[in-house]
Amino acid sequence: MRQVEPSVLDALREAAKDAASYEAVALGLAAADIDTTTTAAHQRDVLLAALRLRPSGTGKARSFTGMLPEVTTDQLEICSAYAEAVNTPFVVGRLHHLLLVAEHGRKHDHARGAAAGYLDAVPLLLVGPRRLAGLRGATECLCWAADLARSFNLKDLHQRVTQDMVALVERVLADSEDDPQIVDRLLEGLRVQRYDITNLAERAARRFSSVGYVHARVGFLKLLKAEPGPRRTAIDSQIVSALLDAADADVNAGFRRHLLLTQAAAEARDRGLSELRERAELALQTTDPDSLGWTRIRRRLATPRALFNGARAHIDAAADLRDALWRTTADVHQAMRDQTDDEHAQEGLLRIPRTRINTAGPVQVHPPVDADDNRAVELQVLALDILGHLTAHQLDHIHERFAPDEAELITALVHDTALPPPRARTLAHAFRYYWLDELDAAACVALPQVEQILRQLLRDRVPIVSVPKGHTPGTVDQLGGLIRSMPAAGFPSDWSRALELLLVDPDRGMNLRNDICHGLIDTPPKHHVALILQAALYLLSYAHGHRTPAPLTQ
């Protein structure tokens with residue numbers, strides 16, 4: 001066995017006095033004066049590393065976060081020597097725990113030494129000068145001891161852990177200033193040990209019943225187990241009512257109130273409490289979106305001037321109005337084709353987890369899955385936004401250069417099947433509304449024409465209808481289905497993807513068709529309306545023969 005350095009041992013004991021965390025012990029040891037020998041410095045470095053490791057996992061599968069795979073036998077021998085020499089339970093427990101995980105020596109002995117050390121540390125932590133830190137340290141020690149006693153079948157220590165946990169819960173519940181998180185962790189530890197926590201959980205729910213502790217109260221109520229029946233219903237009602245009462249306690253709480261109502265509605269739905277669910281949803285519906293306290297963060301897009309100059313020059317090269325209109329659809333952004341594998345492609349705010357609010361509710365909207373291509377899709381939507389600014393610039397220049405009237409627009413747009421004269425007149429109205437800055441009218445008039453043009457283009461290439469079956473009526477594909485059918489009909493998948501994100505993707509795209517037509521947004525920005533008009537022109541370019549779909553394969 002390695003010999004311990006007396007100066008290091010004394011420094012370790014002194015640092016552990018009144019310390020409520022292993023980091024505090026490490027800081028004290030690092031600052032202590034010790035012998036300047038190489039051996040003393042080496043032993044202190046090993047102990048500092050051991051104190052700063054943190055257990056992770058449970059049971060026999062535990063490891064230490066930060067533990068290096070190349071830990072040497074010499075380092076473990078040093079930890080073993082100090083585990084025997086030091087008389088501070090807080091440190092003894094940690095060193096034995098580390099040796100157990102490192103499989104150095106007899107596992108059962110180290111498991112017992114670690115569990116006993118943690119248990120012996122509890123009363124010392126509870127009488128330390130830093131009351132709350134001591135409580136948290138004691139709770140952590142009890143949870144580690146419980147896990148070790150259970151995993152290694154240390155029956156005598158298992159009983160002691162249970163008694164000490166119950167005693168600490170009783171102490172915290174009796175004090176008006178203690179943290180409910182301590183109670184929650186202890187109760188969870190007792191539950192894992194199959195101790196009946198019903199009485200303690202009920203007391204905790206009563207103790208932390210004020211609206212400021214609403215989430216703690218809900219957590220304690222959820223710990224109560226009951227068979228389906230009146231008692232189960234009563235517990236479920238208390239959970240939802242606690243959330244509703246907290247939301248009602250401060251109607252000016254902004255987004256916090258919105259979160260509480262959302263959680264209440266979800267809990268009521270999942271627990272079959274229809275009346276409480278209706279109460280929560282009605283409160284949500286009557287919430288003023290402006291009261292949520294959200295700040296809209298906008299970053300002005302600094303598109304290089306050369307891109308606008310190039311877009312303008314492309315229109316200048318047009319022979320006539322129809323040619324100029326087709327030139328706005330020259331190419332979709334390359335982001336629709338190339339997927340990036342760069343994990344660092346987006347930094348800063350774009351990497352912050354976020355939610356979206358549908359202000360028509362207001363209600364939170366979550367994507368159905370956390371898809372692997374989220375960052376790539378965000379880039380595609382950003383690319384569409386850039387394309388919209390360039391397209392808006394081109395449309396404005398078309399108006400400056402040609403100043404087309406209704407008849408000239410109809411002549412440029414009309415097609416016998418894809419856009420007959422009445423519909424061409426309607427689409428012409430959309431362009432004229434756009435140039436008058438009547439953006440709502442332009443979008444609402446153009447969107448149905450986009451769907452109808454696409455339906456006509458697909459009609460002789462892929463099935464777009466479903467015949468009746470039994471009581472199920474026949475159907476015709478709507479815009480989302482039509483867009484998804486484009487690749488099978490020989491149309492480029494990059495444009496299909498662009499139109500899907502632009503018009504009908506409710507989770508990650510712009511979703512303009514649904515947001516505009518269902519009144520979910522205010523007036524759309526000009527460059528978004530320009531993208532809608534561009535979509536109509538792109539599809540018409542196929543009808544007029546400027547583009548040709550790929551041949552269909554059998």
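None of the values given here were measured: they were computed from a predicted structure. (Residues numbered from 1 in each chain as written. Predicted model: local features only at pLDDT ≥ 70, side-chain atom pairs only at ≥ 80, totals over all residues. Heavy atoms only, no water.)

1. Considering the overall build of the chain
Stated formally: Only DSSP runs of H or I reaching four residues or more are called helices, and only runs of E reaching two or more are called strands; each is numbered from the N terminus. Throughout this description, buried means an accessible area under 20% of the type-specific maximum (1.4 Å probe, protein chains only), exposed means over 50%, and partly exposed covers the range between. What makes two residues a contact is simply this: any of their non-hydrogen atoms within 4.5 Å. Only the protein chains shown count as covering a residue, and every accessible area follows the Shrake-Rupley method with a 1.4 Å probe.
Looking only at helices and strands, the chain features 24 helices and 6 strands. Within the chain, the proportion of its 554 residues that are buried is 45%. Counting contacts in the chain only where the partners sit at least 6 residues apart, residues at least 24 apart contribute 67% of the total. Accessible area for the chain stands at about 28300 Å²; split by element, carbon and sulfur atoms hold 51% of it.

2. Considering the packing of aromatic side chains
Threshold: Paired rings are identified among Phe, Tyr and Trp, the last through its six-membered ring, by centres lying within 6.5 Å, and are further divided according to the angle between planes into stacked (under 30 degrees), edge-to-face (over 60) and tilted (the rest).
As enumerated under the stated definition, the model contains 9 aromatic pairs in all. Between the aromatic rings of Y22 and F90, the centroid separation amounts to 4.0 Å while the plane-to-plane angle is 15°, which identifies the pairing as stacked. With a gap of 68 residues between them, Y22 in helix α2 (residues 22-31) and F90 in helix α5 (residues 89-101) connect regions that are remote in the sequence. Comparing Y22 with F90 shows no difference in burial state: the two are buried. With a centroid separation of 5.9 Å and an interplanar angle of 35°, the aromatic rings of F208 and F220 are classed as tilted. Of this pair, F208 sits in the loop between α10 (198-207) and α11 (214-222) while F220 sits in helix α11; the two residues are 12 residues apart in sequence, bridging distant segments of the chain.

3. Notes on the nonpolar core
Short version of the rule: We call a set of buried residues a nonpolar core when its members are Ala, Val, Leu, Ile, Met, Phe, Trp, Tyr or Cys and they connect through side-chain atoms within 4.5 Å of each other.
Counting 97 residues, the largest nonpolar core has L12, V25, V183 and L187 as its most contacted members. Among the elements that make up this core, the one with the highest residue count is helix α7 (residues 131-151) (10 residues). With 67 residues, the next largest nonpolar core counts L413, A443, A446 and V462 among its residues.

4. Describing the pattern of salt bridges
For clarity, the cut-off: Salt bridge criterion: a side-chain nitrogen from Lys or Arg within 4 Å of a carboxyl oxygen from Asp or Glu.
By the definition in use, this model includes 30 salt bridges. Residue D245 pairs with R279 through a salt bridge whose shortest N-O separation is 3.7 Å. With D245 in helix α12 (residues 230-249) and R279 in helix α14 (residues 274-285), this residue pair connects regions lying 34 residues apart in the sequence. Since its relative accessible area comes to 35%, R279 is described here as partly exposed.

5. As for the environment of D316
Along the chain, the position of D316 falls in helix α15 (residues 305-316). Remark: the alpha-carbon pair of D316 and R401, spanning 85 residues in sequence, is separated by 8.3 Å. Discounting residues that sit within four places of it in the chain, D316 has contacts with H397 and R401.

6. Some remarks on the side chain of Q43
Selection criterion: N or O atoms closer than or at 3.5 Å make up a polar contact, with two conditions inside protein: a donor-capable atom paired with an acceptor-capable one, and, for residues adjacent in sequence, both atoms drawn from side chains.
Of note, Q43 is situated in helix α3 (residues 38-52). A distance of 3.1 Å separates a polar side-chain atom of Q43 from the backbone nitrogen of E5. Ignoring any residue separated from it by four or fewer positions in sequence, one finds Q43 in contact with R2, Q3, V4, E5, I78 and Y82.

7. Points about the environment of Y538
Relative to the helices and strands, Y538 resides in helix α24 (residues 526-543). Between the alpha carbons of Y538 and W495 there is a distance of 9.0 Å; along the sequence they are 43 residues apart.

8. Section: helix α8 (residues 155-174)
We count it as follows: The span you would expect from a helix comes to 1.5 Å times its residue count less one.
Between its terminal C-alpha atoms α8 stretches 29 Å, which fits the 28 Å expected from 20 residues at 1.5 Å a residue. Among the residues of α8, those classed as buried are L157, V161, T162, M165, V166, L168, V169, V172 and L173. Taken together, the buried residues of α8 touch α6 (107-126), α7, α9 (180-192) and α10.

9. Quick word on the confidence of the model for the chain
Where we set the bar: Summary of the metric used: pLDDT quantifies the predictor's per-residue confidence within the range 0 to 100.
Per-chain confidence: the chain averages 85 in pLDDT, with 87% of residues scoring 70 or above. Mean pLDDT across the secondary structure elements of the chain bottoms out at strand β2 (residues 63-65), with 55, and peaks at helix α19 (residues 421-435), with 97.

10. Remarks on unusual backbone geometry
In this structure, N153 takes a positive phi of about 55° despite not being glycine. The topology assignment puts N153 in the loop between α7 and α8. Residue classification places N153 among the exposed positions, given a relative accessible area of 53%.

11. Digging into the packing of helix α20 (residues 439-458) against α24
Here is the rule we go by: The angle between two axes is taken between their N-to-C directions and runs from 0 to 180 degrees, where each axis is a line fitted to C-alpha atoms and a helix contributes only its stretch in contact. For classification purposes, an angle smaller than 35 degrees is called roughly parallel, one larger than 145 roughly antiparallel, one from 65 to 115 roughly perpendicular, and anything else oblique. Each helix crossing is assigned a hand: it is left-handed if the near helix lies turned anticlockwise from the far helix by less than a right angle, otherwise right-handed if that turn is clockwise. Classes in brief: Ala, Val, Leu, Ile, Met, Phe, Trp, Tyr, Cys and Pro nonpolar; Asp, Glu, Lys and Arg charged; the others, Gly included, polar.
At a closest axis distance of 9 Å, the pairing of α20 and α24 adopts a crossing angle of 25°. In terms of their interaxial angle, α20 and α24 are classed as roughly parallel. Helix-helix and strand crossings are classified by hand; for α20 and α24 the assignment is left-handed. When α20 is examined against α24, the residues L439, A442, A443, A446, L447, V450, I453, L454 and L457 are found in contact with a partner set consisting of K526, V529, I532, L533, A535, A536, L539, L540, Y542 and A543. Each residue belonging to the contact of α20 with α24 can be placed in one class, and the counts come to 18 nonpolar, no polar and 1 charged.

12. Describing the environment of D440
Take D440: it is sitting in helix α20. Take D440: its relative accessible area is 35%, and that puts it in the partly exposed class. A C-alpha to C-alpha distance of 8.4 Å links D440 and V529, two positions 89 residues apart in sequence. Contacts of D440, omitting those with residues within four sequence positions, involve D522, T523 and P524.

13. Notes on the state of the cysteines
Definition in use: Cysteine sulfur atoms that come within 2.5 Å of each other are treated as a disulfide pair.
Here the structure, examined in full by the defined rule, presents 0 disulfides. No disulfide involves C517; its sulfur sits 5.7 Å from that of C444, the nearest cysteine. Note on C517: relative accessible area 43%, which makes it partly exposed.

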